[in-house]
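# Reading the structure
Here is what each chain is made of, one letter per residue.
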Amino acid sequence: MKIAENLPLKVPYNIYIDPSNACNFKCTFCPTGNKELLKSVNRPIGMMKINVFEKTVEDLNEMIKKYQQKPEFIALFKDGEPLLNKNLIPMISFLDKFKLSSKIHLTTNGSLMNKHLAEELVKSGLKEIRFSIYHVNTKGYFELTRKKIDFTNLLNKLTEFWEVNRYYGFPVYTKINTIDVNYTKSEKEEFRRIFKKISHYINFDPLHGWSSSEKLNEYGATTPKSSDKKIICSQPFSRMTVLHNGDVTPCCVDWSHKLVQGNVMNESLDKIWNKNCNDLRLNHLNNKIEKSSPCFNCEYLEQMTENDSLEGKEKELLGIYN
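All right, on to the overall build of the protein chain then. Of regular secondary structure, the protein chain possesses eleven helices and eleven strands. In terms of C-alpha radius of gyration, the protein chain reaches 20 Å, essentially the compact-globule figure of 20 Å for 322 residues. Viewed in the frame of its principal axes, the protein chain has a C-alpha envelope of about 55 × 45 × 35 Å. Out of the 322 residues in the protein chain, the part that is buried amounts to 54%. Accessible surface computed for the protein chain: about 15200 Å², of which carbon and sulfur atoms make up 47%. Looking at the protein chain, you have 46 positive and 39 negative side-chain charges, and the mean spots of the two groups are 1 Å apart.

Written as structure tokens, this is what we have:
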């Protein structure tokens, strides 16, 4: 879908709900793995409570009924590892009950998977799972995640999930993604050979930067070069993220949580999305992003596709959001 042709979206096209912004990995490229960095921006760590999740889903249900629009997908992940939340299965089942989207998605590193959890996930109403895999051996895993992972054991867990999924008729589309760093040509071939047997889809993703002027990668934090070309980010117009504590930000890479526009426990999602977010949208349209904003020099813009482009729509969108 081309975002520009469907604005205003009274219901976000993509919705992220974060069951946990804690993680059992400390990946070198990820803000969540850097405790000092999180401390510097006072980012809290915790699990989403079931009442926060239910209020989010109920508010979203009201928006869908009111505006007769549905999100393309609802993803249960953002800053952390969702399997850490012991209420994850009830959350997915509660969400599935409302039939708010054709795709309920989960991204996980898979390290906490077991047969019982696999069965619960497959029967919960989940439609898609993406396993984030970081190498094809224990040494490579440690270099990137700073976590001692027995790769053979991890592979057995993912194979077990695949077999459970197969037993129930593959209700969950299974994706295996990895970041295209620290791989030799032979290791890439080995990756494909191993995981094509236990997935429907495999992809090597480019390493992306995060919001703010810091690009976090395997080498540490560097500052990306600013672009001379004005690019309007489509995220505030199309994506909404509900953080673990109920805070709402219109950006899925806002790791510092500086773009929070409200809290679902204090206001309706409708008001937050269709009113509170408009000032940020206007700042993007008018090219008035302050240097202190996470949006300033955000490297994620480099990954925008033609479907995300809002180029040439500025005047029309200013009329809509003013």
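Spatially, the nine strands line up as an open sheet ordered S6-S5-S4-S3-S2-S1-S9-S10-S11, and their pairing is mixed. Each edge of the open sheet is held by one strand with a lone partner, namely strand S6 (201-205) and strand S11 (262-263). Strand direction decides the pairing type here: strand S4 (residues 128-132) and strand S5 (residues 173-179), joined by five bridges, are parallel. Its bridge partner being in S5, Phe131 is matched across the sheet by Ile176. Across the sheet, helix H6 (residues 151-167) touches S4 and S5, and the angle it forms with S5 is around 160 degrees.

Enumeration according to the criterion identifies zero disulfides in this entry. Cys233 takes part in no disulfide bond, and the closest cysteine sulfur to it belongs to Cys251, at a distance of 6.2 Å.

What follows covers the packing of helix H2 (residues 50-67) against helix H9 (residues 269-276). Each pair of packed helices can be summarised by the angle the axes make with each other and by the distance between the axes. Two numbers describe how H2 lies on H9: the axes approach to 8 Å, and their chain directions differ by 60 degrees. The orientation of H2 relative to H9 falls into the category oblique. The segment H2 lies against H9, with Thr56, Asp59, Leu60, Met63, Lys66 and Tyr67 engaging Leu269, Asp270, Trp273 and Asn274. Split by residue class, the contact of H2 with H9 holds five nonpolar, two polar and three charged.

This part takes up the packing of aromatic side chains. What describes a pair of aromatic rings is the distance from one ring centre to the other and the angle between the planes of the rings. Scanning the model with the defined rule gives 17 aromatic pairs in all. Their ring planes at 80 degrees and their centres at 5.4 Å tell us that Phe131 and Phe161 sit as a pair that is edge-to-face. With Phe131 in strand S4 and Phe161 in helix H6, the pair connects residues that are 30 residues apart, well separated along the chain. For the pair Phe131 and Phe161, one class covers both residues: buried.

Counting buried residues in helix H10 (residues 278-285) gives six out of eight residues, a clear majority hidden from the surface. Tucked inside the fold, the buried residues of H10 contact helix H8 (235-238), H9 and helix H11 (314-321). Once H10 finishes, Asn287 follows within two positions and takes phi at roughly 55 degrees, a positive value.

The buried fraction of H9 is high, at six of eight residues. Residues Leu269, Asp270, Ile272, Trp273, Asn274 and Asn276 constitute the buried set of H9. For H9, the secondary structure elements touched by its buried residues are H2, H8, strand S9 (239-242), strand S10 (247-249), S11 and H10.

So, about the environment of Val264. As for its position among the elements, Val264 is in the loop between S11 and H9. Each C-alpha atom of the pair Val264 and Glu163 lies 38 Å from the other, and the pair is 101 residues apart in sequence. Those residues in contact with Val264, other than ones at most four positions away along the chain, are Val52, Lys55, Thr56, Asp59, Gly246, Val248, Leu269 and Ile272.

Cut-offs and rules
- Residues numbered from 1 in each chain as written.
- Predicted model: local features only at pLDDT ≥ 70, side-chain atom pairs only at ≥ 80, totals over all residues.
- Heavy atoms only, no water.
- Helix = DSSP H or I, 4+ residues; strand = E, 2+ residues; numbered from the N terminus.
- Rg over C-alpha atoms; globule rule 2.2 N^0.38 Å.
- Buried < 20%, exposed > 50% of the residue type's maximum accessible area, 1.4 Å probe, protein only.
- Areas by Shrake-Rupley, 256 points an atom, 1.4 Å probe, with all protein chains shown as cover.
- Lys, Arg positive; Asp, Glu negative; His and termini not counted.
- Charge placed at Lys NZ, Arg CZ, Asp CG, Glu CD.
- Pairing = 2+ DSSP bridges.
- Contact = heavy atoms within 4.5 Å.
- Axes fitted to C-alpha atoms, helices over the stretch in contact; angles between N-to-C directions.
- Disulfide = S-S within 2.5 Å.
- Parallel < 35°, antiparallel > 145°, perpendicular 65-115°, else oblique.
- Nonpolar A, V, L, I, M, F, W, Y, C, P; charged D, E, K, R; others polar.
- Phe/Tyr/Trp six-rings, centres within 6.5 Å; stacked < 30°, edge-to-face > 60°.

Geometry only, nothing functional implied.
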